[in-house]
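One-letter residues, chain by chain:
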Amino acid sequence: SEPFSARAQIALPAVPRNLRSTNQGGAVTLHWSAPAGGGAVSGYVVEAGTSPGASDIGAVQVGTATTFAVPMAPGSYYVRVRAMNASGAGLPSNELVVRQ
């Protein structure tokens, strides 16, 4: 059997709150608030897709900052943020449809 893992002792972070976006000059900036509970956050991952819940465009780890700016080609994108720690990624934030 496998030895006991310290990873199992760390609670996943709770859900990031209040995901919103601003558009300016071909770039989109995402802003969110840290989770109100759960395990300590060691970073965030921003997911983007072409349909609700998808991450077919990509998933980018952005460190501990609660903002992320990226140039975007014209189109509509579904984005969400997950908080992460040594146990993995928690549940996703609210999902936005970002149009550029």
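As a reminder, the structure under discussion sits directly above these lines.
Quick summary incoming for the structure in this document. Predicted model, so just to flag it, every value in this text is computed and none were measured. (Residues numbered from 1 in each chain as written. Predicted model: local features only at pLDDT ≥ 70, side-chain atom pairs only at ≥ 80, totals over all residues. Heavy atoms only, no water.)

Examined against the element boundaries, Asn85 turns out to sit in strand β6 (residues 76–85). One polar contact links the side chain of Asn85 to the main-chain amide nitrogen of Ser87, over a distance of 2.9 Å. In this structure, Asn85 is in contact with Ile10, Ala11, Leu12, Pro13, Gly39, Ala40 and Ser42, ignoring residues within four places of it in sequence. (Helix = DSSP H or I, 4+ residues; strand = E, 2+ residues; numbered from the N terminus. Polar contact = N/O pair within 3.5 Å; in protein donor to acceptor, adjacent residues only side chain to side chain. Contact = heavy atoms within 4.5 Å.)

So, about the sheet that holds strand β1 (residues 17–24). Across the sheet, which stays open at both edges, the 3 strands sit in the order β1-β2-β5 with antiparallel pairing between neighbours. Edge positions in the sheet fall to β1 and β5 (67–71), since each of these pairs with one other strand and no more. Adjacent strand axes in the sheet meet at a mean angle of 15° when their direction is disregarded. Relative to strand β2 (residues 27–33), β1 runs antiparallel, the two sharing 6 bridges. Bridging across to β2, Gln24 finds its partner in Ala27. (Pairing = 2+ DSSP bridges. Axes fitted to C-alpha atoms, helices over the stretch in contact; angles between N-to-C directions.)

Everything listed here is a matter of coordinates, which is why it stays silent on function.
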